[in-house]
Amino acid sequence: MNQKTIERLEAMLKRLEHIEQELVNPAVIGDAKKLAGLAKEQSQLEDIVTKYLQYKAILQNITDAKEVLGTEKDEEMIDLAKEDLKQSESRKNNIEEEIKVMLLPKDPNDEKNVIIEIRGAAGGDEGNIFAGDLYRMYLKYAEQQNWKVKVIDESESEAGGFSSISFMLKGERVYSKMKFESGAHRVQRIPKTESKGRVHTSTATVAVLPEIEEVDFEIRTADLKIDTYRASGAGGQHINTTDSAVRITHLPSGIVVTSQDGRSQHDNKALAMQHLRSKLYEEQQRKINEERGTLRKDAVGTGDRSEKIRTYNYPQNRVTDHRINLTLQKLDQVTEGNIDEIITALINEEQRLKMEGN
């Protein structure tokens, strides 16, 4: 590991030690905003500093083993030192690679919760049914990850599934994993409505938006048109008897969001505002990227709804992620929420590209 990297890691170590001292400072404890900021920074530094301390311990083991080999006469002690040196050198190389990955630039949204929008696209009823299948797949995955799920709005399809559904996932580092799901998902199978047994191709689109807090993104009240109406669908008896559903239109952009699955108009307004902030943030980032000419064109993709990212082929029990040319013959497992293998492969590819400077 080069000296510049060592100096950077030492600075992180000193910063963490300083934060830990500050967190027990009575003046800081009384300042909730500063306390929260320091606690967040502590959380961001702890893993890499812990790894660096392990690295330093291994370097000391290597030094000690070499010293034994240079001075010891006992054959048994020499053999033990050689074995210790071999294992320490191997571990040193592994930790150096782990630290390189940990030092890669972080996506500032990786720690955030997400709002996911799924819409049936090409294929009519079958596209809507597939949108429902994707929603179920993400529910299963969220359950595995111990994430909480909150439906914001849904429009059920008469044939099954959803013409559109939006929901929030809350938990640890949700965006860091789910961000790769944005794009067009394609399904190849025989629809229930197909009488001649022919395989059809349909699509559903997925958009993954980081949850944006009010303090991070301000929206002027004067720019909003807020309507309430009587909700329909699941959610309890009250949902059909009160004007609890909320529709918010952002007048400058024309973006419209709705929420009807909360238990009150107040809940629905709060959910709709969260959704709106995320959509406006996404639009702002898109414009910034276009102006800078920095839209990502790497193998992990742009996350645009129109980009075909994955194909689910039911007759052959096959799922293919086109961004990294990954094909798995286990679609039956993937549709049950077992998508970690795909997500891990996408994370690894993103890290590889970053290490290459792409």
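Looking up the protein chain in an unreviewed UniProt entry gives the name Peptide chain release factor 1, with the organism given as Spiroplasma syrphidicola EA-1. The record held by UniProt for the protein chain lists under Sequence similarities (unreviewed entry) the comment "Belongs to the prokaryotic/mitochondrial release factor family."

Attention now goes to the overall build of the protein chain. Of the regular secondary structure elements, the protein chain holds nine helices and 11 strands. Within the protein chain, residue pairs in contact and separated by at least 24 positions form 62% of the contacts whose partners lie at least 6 positions apart. Just so you have it, the protein chain exposes about 19,900 Å², and 48% of that area is on carbon and sulfur atoms.

Locating S278 in the fold gives a position in helix 7 (residues 265-292). Accessibility expressed as a relative area gives 0% for S278, which makes it buried. Within the structure, S278 has its side chain in polar contact with the backbone oxygen of P210 (distance 2.7 Å).

The next point concerns the packing of aromatic side chains. Two aromatic rings are characterised by how far apart their centres lie and by the angle between their planes. On inspection of all chains with the given rule, the structure shows four aromatic pairs. Ring plane angle 65° and centroid distance 5.0 Å describe the contact between Y135 and F167, whose orientation is recorded as edge-to-face. Taken together, the residues span a long stretch of sequence, with Y135 in helix 5 (residues 125-144) and F167 in strand 3 (residues 162-170) at a distance of 32 residues. The same class applies to Y135 and to F167, which are both buried. Both rings, one in Y141 and one in W147, keep their centres 5.5 Å apart while their planes meet at 90°; by these two values the pair is edge-to-face. The same class applies to Y141 as to W147, namely buried. Among the aromatic residues, ring-to-ring pairing joins Y135, F162 and F167 into one connected group.

Right, let's get into the sheet that holds strand 6 (residues 224-229). One open sheet holds the three strands; their spatial order is 6-7-8, and the pairing between them is antiparallel. Sheet topology places strand 6 and strand 8 (255-259) at the edges, where each strand pairs with a single neighbour. Taking each pair of neighbouring strands and ignoring which way they run, the sheet shows an average axis angle of 15°. Inspection of the sheet shows strand 6 paired to strand 7 (residues 245-250) by six bridges, in the antiparallel sense. Directly across from Y229, in strand 7, lies its bridge partner A245.

Calculation notes
Residues numbered from 1 in each chain as written. Predicted model: local features only at pLDDT ≥ 70, side-chain atom pairs only at ≥ 80, totals over all residues. Heavy atoms only, no water. UniProt positions renumbered as here; feature names shortened; annotations may be inferred. Helix = DSSP H or I, 4+ residues; strand = E, 2+ residues; numbered from the N terminus. Contact = heavy atoms within 4.5 Å. Areas by Shrake-Rupley, 256 points an atom, 1.4 Å probe, with all protein chains shown as cover. Buried < 20%, exposed > 50% of the residue type's maximum accessible area, 1.4 Å probe, protein only. Polar contact = N/O pair within 3.5 Å; in protein donor to acceptor, adjacent residues only side chain to side chain. Phe/Tyr/Trp six-rings, centres within 6.5 Å; stacked < 30°, edge-to-face > 60°. Pairing = 2+ DSSP bridges. Axes fitted to C-alpha atoms, helices over the stretch in contact; angles between N-to-C directions.

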